[in-house]
Amino acid sequence: MYLRIIQLTKSGVKKLLPLANSVVFGNIHRVNKSSYNSFVEMDKVTALRYERLPEDSPYVKPFRMYYTQNGVEKSWDLLKVHDSVAIIIYNKSRQCLLLVKQFRPAVYHGVISSAEGHNPTTIDLQKYPAQLGITVELCAGIVDKSKPLVEIAKEEILEECGYDVPIDRIETVLTYRSGVGATGAQQTLYYCEVTDDDKVNSGGGVDGEIIDVVELNLPEAQKLLTQGAKVISPPSCLLGILWFLTNKAPKQ
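What counts and what doesn't
- Residues numbered from 1 in each chain as written.
- Predicted model: local features only at pLDDT ≥ 70, side-chain atom pairs only at ≥ 80, totals over all residues.
- Heavy atoms only, no water.
- Helix = DSSP H or I, 4+ residues; strand = E, 2+ residues; numbered from the N terminus.
- Buried < 20%, exposed > 50% of the residue type's maximum accessible area, 1.4 Å probe, protein only.
- Salt bridge = Lys/Arg side-chain N within 4 Å of Asp/Glu carboxyl O.
- Contact = heavy atoms within 4.5 Å.

A. Region of the structure containing unusual backbone geometry. In this structure, Q95 takes a positive phi of about 55° despite not being glycine. By the element assignment, Q95 lies in the loop between strand 6 (84-91) and strand 7 (96-103). Although it is not a glycine, D207 sits at a positive phi angle of roughly 55°. Within the fold, D207 resides in the loop between strand 11 (185-194) and strand 12 (212-217).

And the structure:
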């Protein structure tokens, strides 16, 4: 069985599209009260186009570094981006991991450019439906505020997943560098246990974000790490799940 993704046709009839060669997620439980509407909006992507990145982008700064190594002059193209936090969230009441699902333009672009071998000037949404850019990840966010990282992690848990927890329940796991080929940005990984009593809203993000909260039980989480699996999650998510299964998961 493959992960099956909902697509709405123009007539409003739902079709289920298999994502070939992807790992089985089993039944992903959407826990937002408005999750179905959120998912429909997440899938509704149109008018895609590419443009040159403006120099005033607050998120990405491209540049080229020149250096001499062992007497040889070299150069490397880089991107300056924000550092970030990510949080492994385990709901003890439901005995499941809480992850988030969202459309990632970079992933969608990667699918298209890999298939086409270049950036196409026009994007065929029938050939490349937006679902190809929808990922399942850890709750996470960029560091764009002058606050302790753990407080940013607390805010992300509330905004994306709807759980309000004190910072003393958020444990530091690891700090590492991601995107070492282009960005070298720092990400700090946290762990937090929650219960249903901590839930104060449905989550889903802020400032126009469209995020679904999903529940992943432990057998489903283990399947993501099966040798040869092809998943729609970033390495930080897989690292977080592996750390949880190794260090925190209830003994079966």
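After presenting the structure, the write-up continues.
B. Seen up close, the environment of V231. Note on placement: V231 falls in the loop between helix 4 (218-223) and helix 5 (235-247). For V231, a relative accessible area of 26% corresponds to the partly exposed category. Distance from V231 to V136, taken between C-alpha atoms, is 8.8 Å for residues 95 residues apart in sequence.

C. Up close: the pattern of salt bridges. On inspection of all chains with the given rule, the structure shows 12 salt bridges. One salt bridge connects K92 with E193, and the closest N-O pair in it is separated by 3.8 Å. Of this pair, K92 sits in the loop between strand 6 and strand 7 while E193 sits in strand 11, placing them 101 residues apart in sequence. Note that K154 and D164 form a salt bridge whose closest N and O atoms lie 3.0 Å from each other.

D. Structural context of the environment of L125. Mapping L125 onto the fold places it in the loop between helix 2 (105-116) and strand 8 (134-137). The spatial distance from the C-alpha of L125 to the C-alpha of T46 is 7.8 Å, given a sequence separation of 79 residues. The contacts of L125, once residues within four sequence positions are left out, are V45, T46, L48 and Y108.

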